[in-house]
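Residue strings, one per chain:
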Amino acid sequence: MDLKSNHTAPVLTDPAPISKSRLGVHSSLLPYSPGTAFSSNLFLTIPWKKTGVLDDVRSSSWLDAMKSSSPTHKRITKENASADNDVAYATWTLKYPSAIASFEQIANFAKGKRIALFLDYDGTLSPIVDNPDRAFMSDAMRSAVEKVAKCFPTAIISGRSRDKVHEFVGLKELYYAGSHGMDIMGPVRQYISDDQPNSVRSTDEQGKEVNLFQPASEFLPMIDEVYSSLVENTKYIKGVKVENNKFCVSVHYRNVDDKSWKSVAQCVYDVIKNYPRLRLTHGRMVLEVRPVINWNKGKAVTFLLESLGLSNCDDVLPIYVGDDRTDEDAFKVLRERNCGLGILVSPVPKETNAFYSLRDPSEVMEFLEYLVMWKK
Ligand SMILES: O=P(O)(O)OC[C@H]1O[C@H](O[C@H]2O[C@H](CO)[C@@H](O)[C@H](O)[C@H]2O)[C@H](O)[C@@H](O)[C@@H]1O
């Protein structure tokens with residue numbers, strides 16, 4: 001793929017005014033993301049209160065965000081999608097074409113390049129289920145991931161703790177990044193000279209030398225403390241589940257009655273108001289508490305590409321597949337780097353920084369299988 005040459009679908013389907021010679025859009029046209037003013041180090045310099053985290057719980061914005069994190073409050077599947085939804089979806093795919101239907105085009109982009117593959121876990125490799133502890137991937141998906149990882153350097157980047165996602169996936173051929181990229185076990189960084197202060201050499205389960213990068217390591221005691229407080233504060237709300245993801249905490253309300261969502265928000269607020277160095281983000285029926293640092297899945301992709309010696313856009317095509325808001329940071333990085341493709345997994349139309357789409361994990365599996373066949 002020559003991302004710098006004129007080409008068709010990804011550029012032409014994007015509504016933003018873009019230069020014909022670019023695959024991505026100009027960064028100034030990209031949606032605003034909270035906390036954009038960063039210091040040169042990892043810490044955000046925005047005064048915490050100005051992010052709105054504290055004030056919002058008394059207004060309806062927390063609740064609005066909680067509701068919008070899952071349209072209609074129920075899972076939308078192929079089966080319950082109405083004809084209207086089908087039309088809306090088909091229209092949306094004009095803007096974000098199916099990565100399967102457009103596979104030939106993706107393969108053309110990849111010609112002469114090395115693919116680096118980044119995969120989200122929940123909602124991408126495993127279907128969304130009510131119990132986060134039972135979000136298992138199928139054996140068929142595991143086999144597809146294993147095969148693709150033998151063809152291309154592959155990393156899983158998840159909001160879960162690295163150990164948990166490793167346990168779910170159970171493959172050794174991959175790199176794993178947990179806590180939304182704040183816990184990366186990657187290759188030893190022999191291609192670059194910068195010394196990352198939070199990087200340490202370590203060995204993985206196979207005894208292989210690896211690089212462990214944990215930019216939020218100093219937050220560990222704080223996160224543990226907050227996790228315990230959140231468990232305690234929410235214990236009377238039926239259906240709440242608090243998950244310790246090591247460098248962040250998830251408060252799930254998927255199984256909580258709508259009428260109690262406000263109480264969930266209040267409980268979380270009551271805890272984090274005491275921690276100005278933590279912030280709140282919204283995922284799929286989950287409130288996520290995480291450190292206020294300038295690090296996200298997009299930064300993790302850049303870090304891993306550097307670690308793998310694959311940051312040269314001329315001969316590398318990074319592909320990132322994900323379904324969640326936190327994956328947008330990675331899609332955005334690929335757009336802004338002007339090389340690489342984001343693929344959003346969604347059964348419903350959504351605004352996104354990705355270029356392509358896939359409907360659900362079964363289509364993700366099909367796409368991975370296509371990549372393997374193409375490589376062979
Ligand atoms: O980055 P990801 O790998 O997509 O992780 C994001 C969150 O995924 C999990 O929660 C989501 O999936 C659950 C299982 O399907 C579902 O029950 C929940 O409602 C979803 O929000 C995980 O439990 C979270 O900790 C992750 O942050």
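Residues numbered from 1 in each chain as written. Predicted model: local features only at pLDDT ≥ 70, side-chain atom pairs only at ≥ 80, totals over all residues. Heavy atoms only, no water.

*Asks:* Before we move on, can you summarise the site of the ligand with the specific residues and values?
*Replies:* Around the ligand, the surrounding shell holds 23 residues, and the nearest of these are Val-129, Glu-243, Arg-254, Arg-284 and Glu-288. Contact distances for the ligand include 2.7 Å between an oxygen atom and a side-chain N or O atom of Asp-120. Within the contact set of the ligand, an oxygen atom lies 2.7 Å away from a side-chain nitrogen or oxygen of Lys-297. For the ligand, the protein covers 99% of the area, taking 560 Å² as the surface of the free molecule. Of all the secondary structure elements, the ones that give two or more residues to the shell around the ligand are strand S8 (249-252) and strand S10 (286-291). Looking at the shell around the ligand, its residues break down into 7 nonpolar, 6 polar and 10 charged. Here the shell around the ligand gathers at least three residues from each of two domains, domain 1 (81-185 + 295-375) and domain 2 (219-291). (Near = heavy atom within 4 Å. Polar contact = N/O pair within 3.5 Å; in protein donor to acceptor, adjacent residues only side chain to side chain. Areas by Shrake-Rupley, 256 points an atom, 1.4 Å probe, with all protein chains shown as cover. Helix = DSSP H or I, 4+ residues; strand = E, 2+ residues; numbered from the N terminus. Nonpolar A, V, L, I, M, F, W, Y, C, P; charged D, E, K, R; others polar. Domains from an automatic or database assignment.)

*Asks:* Talk me through the side chain of Thr-326; I want residue IDs and the actual numbers.
*Replies:* Relative to the elements of secondary structure, Thr-326 occurs in the loop between strand S11 (316-322) and helix H10 (328-337). Reaching out from Thr-326, the side chain makes a polar contact with the side chain of Lys-297 at a distance of 3.4 Å. Leave out the neighbours within four places in its chain, and Thr-326 touches His-180, Glu-288, Arg-290 and Lys-297. (Contact = heavy atoms within 4.5 Å.)

*Asks:* Before we move on, can you summarise the packing of helix H4 (residues 103-110) against helix H11 (residues 361-375) with the specific residues and values?
*Replies:* Contact pair H4 / H11: the axes reach a minimum separation of 11 Å and the direction vectors enclose 50°. It follows that H4 is oblique to H11 by the angle criterion. Seen from above, H4 lies across H11 with right-handed handedness. Listed contacts from H11 to Phe-103, Ile-106, Ala-107 and Ala-110 of H4 are Phe-367, Tyr-370, Leu-371 and Trp-374. Its residues assigned to classes, the contact of H4 with H11 shows 8 nonpolar, no polar and no charged. (Axes fitted to C-alpha atoms, helices over the stretch in contact; angles between N-to-C directions. Parallel < 35°, antiparallel > 145°, perpendicular 65-115°, else oblique. Left-handed = near helix turned anticlockwise from the far one by under 90°.)

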